[in-house]
Amino acid sequence: MRTVNEVSKLAGVSIRTLQYYDKIGLLKPTEYTESGYRLYDDTALELLQQILLFRELEFPLKEIKEIISRPGFNKTMALEQQITLLTMKKEHLESLIDFAREIQLKGVKRMDFTVFDTKKIDEYARMAKEQWGQTEEYKEFEQKAQGRNREEEHELMKNFMDIFVEFGKMKDGDPGAVNVQDQVRKLQNYITENFYKCSKDILRSLGQMYAAGGEFTENIDKAGGEGTAQFTAKAVEIFCSQS
C-alpha cells in the first residue's frame, strides 16, 4: 500500500488532484487508515495510469469516468488505442515543428494550412470512444470474444491479417477493380462473422482508421507491404460509396 503522498511523488500528480479524483469518484483509494489517510494498492495505481493516459489525450474527467466505469471496459484494447492515438499526436506535433522551422528559415512562402488538420486524429478518437463505449457493436464484440480461448483468438487475428496480405498483392492495381471490391466484401463479412455487424458506415470509418497512421497502419503495411493500408482505405471508400 502507498500513501497519497507517495503516490503523488511517484505519479507526478498533486495531492490535491488525487483528493479531487476521490471526491468525484474517478479514483477511489483502496482503503483509508484509522486516521482517514488514503491508501492505494497496485490495482489503483494501474487505474491511475489509465486515467493519466486519457488526460494526456485531453479527455475530460467526466468522459474518463464514464469510460473506465463501464462493465465492458477492456483495458488491453484501450491501451492499444491510446498508443495509436499518442503516436498520431506525436507525428502531428513533429509535422508542426518541421513546419515552424521552415517558416523560421525561409519565411512564409505559401499559404498551406494542411499541417494543422487533425481530422484523422479526431476520427480515430471517435471510433475508439465508440469501442470503449457500450454500442451494440461493442456488446456483440464482447459477447463473441467471451467464448474464445487464446489459441482461437490468435488464429482469428492471423486470418484477419491474411485478408490484408491479399490486399497487398493487389495494391499496384485499381482499388475499384472487381477482385479488389470482392476482397473488401470479404473483409466486411469477416468482421461481421467474428467481431460485430459491420455496416457500410462502420466499414468506412474502419477504412479511414486503417490509413490514419499509427499502429493500425503499421500492422497492415507489415502484413501486405508498404502502401497496403492506404490502398485498402481507398478500396473500402469506393465499396461504401456504392448503393
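Residues numbered from 1 in each chain as written. Predicted model: local features only at pLDDT ≥ 70, side-chain atom pairs only at ≥ 80, totals over all residues. Heavy atoms only, no water.

**Q** Help me understand the overall build of the protein, please; the structure alone is not making it clear to me.
**A** Looking only at helices and strands, the protein features twelve helices and three strands. Here the protein holds 243 residues, and the buried ones make up 38% of them. For the protein, long-range pairs separated by at least 24 residues make up 66% of all intrachain contacts whose partners lie at least 6 apart in sequence. As displayed, the protein has an accessible area near 14600 Å², and 51% of this comes from carbon and sulfur atoms. (Helix = DSSP H or I, 4+ residues; strand = E, 2+ residues; numbered from the N terminus. Buried < 20%, exposed > 50% of the residue type's maximum accessible area, 1.4 Å probe, protein only. Contact = heavy atoms within 4.5 Å. Areas by Shrake-Rupley, 256 points an atom, 1.4 Å probe, with all protein chains shown as cover.)

**Q** Sorry if this is basic, but what is going on with helix H1 (residues 4–11) here?
**A** Residues three or four positions apart in an α-helix share a direction because the helix packs 3.6 residues into each turn. For H1, the complete set of buried residues consists of Val4, Val7 and Ser8. Burial along H1 is one-sided: seen end-on, the buried residues are contained in an arc of 105°. Those residues of H1 that are exposed and angled more than 90 degrees off the buried face are Lys9 and Leu10. Its buried side turned inward, H1 meets strand S1 (2–3), helix H2 (15–23), strand S3 (38–40) and helix H3 (42–56). Immediately beyond the C-terminal end of H1, within one or two residues, lies Gly12, with a positive phi of roughly 70°. (Arc of directions from axis to C-beta.)

**Q** What's the story with the sheet that holds S3 in this structure? I'm lost.
**A** The pairing of strands in a sheet happens through backbone hydrogen bonds and is either parallel or antiparallel. Judged by pairing direction, the sheet is antiparallel, and its three strands sit side by side in the order S1-S3-S2 without closing on themselves. Two strands close off the open sheet at either side, each with one partner strand: S1 and strand S2 (31–32). With two bridges joining them, S2 and S3 adopt antiparallel strand pairing. Of the residues in S3, the one forming a bridge with Glu31 is Leu39. (Pairing = 2+ DSSP bridges.)

**Q** I would appreciate a short explanation of the packing of helix H10 (residues 200–210) against helix H12 (residues 228–241) in the present structure.
**A** Each pair of packed helices can be summarised by the angle the axes make with each other and by the distance between the axes. At a minimum axis distance of 8 Å, the contact between H10 and H12 shows a crossing angle of 160°. Here H12 runs roughly antiparallel to H10, going by the angle between their axes. The two elements H10 and H12 meet at a crossing, and its hand is left-handed. In contact with Lys200, Leu203, Arg204, Gly207, Gln208 and Tyr210 of H10, H12 contributes Ala229, Thr232, Ala233, Val236, Glu237, Phe239, Cys240 and Ser241. Residue composition of the contact of H10 with H12, by class: seven nonpolar, four polar and three charged. (Axes fitted to C-alpha atoms, helices over the stretch in contact; angles between N-to-C directions. Parallel < 35°, antiparallel > 145°, perpendicular 65-115°, else oblique. Left-handed = near helix turned anticlockwise from the far one by under 90°. Nonpolar A, V, L, I, M, F, W, Y, C, P; charged D, E, K, R; others polar.)

**Q** What is the right way to read the nonpolar core from this model?
**A** Within soluble globular proteins, side chains that are nonpolar tend to cluster in buried spots. Formed by 26 residues in total, the largest nonpolar core has its most connected members in Phe160, Phe167, Leu187, Ile191, Leu203, Leu206 and Tyr210. Of all the secondary structure elements, the ones that give two or more residues to this core are helix H8 (150–170), helix H9 (178–194), H10 and H12. Core analysis: the second largest hydrophobic core is formed by 21 residues, Val4, Leu26, Leu48 and Leu85 among them. (Core = buried A, V, L, I, M, F, W, Y, C linked by side-chain atoms within 4.5 Å.)

**Q** Sorry, what's going on with the side chain of Arg38 here?
**A** Considering the arrangement of structural elements, one finds Arg38 in strand S3. Leaving out residues up to four positions away in the same chain, Arg38 has contacts with Arg2, Thr3, Val4, Gln19, Asp22, Pro29, Glu31 and Tyr32.

**Q** What exactly am I supposed to notice about the packing of aromatic side chains here?
**A** Ring pairs (aromatic) are described by centroid distance and by the angle formed between their planes. Taken as a whole, this structure holds seven aromatic pairs when the rule is applied. Note on Phe160 and Phe195: the rings are 5.7 Å apart at their centroids and 75° apart in plane angle, and the pair reads as edge-to-face. Of this pair, Phe160 sits in helix H8 while Phe195 sits in the loop between H9 and H10; the two residues are 35 residues apart in sequence, bridging distant segments of the chain. We classify Phe160 as buried; its relative accessible area is 11%. Judged by its relative accessible area of 9%, Phe195 falls in the buried class. Ring geometry for Phe164 against Phe167: centres 6.1 Å apart, planes inclined by 35°, an arrangement best described as tilted. Here Phe167 and Phe164 lie together in helix H8, a separation of three residues that amounts to about one turn. A relative accessible area of 1% places Phe164 in the buried class. Of the residues examined, Phe167 reaches a relative accessible area of 0% and is grouped as buried. (Phe/Tyr/Trp six-rings, centres within 6.5 Å; stacked < 30°, edge-to-face > 60°.)

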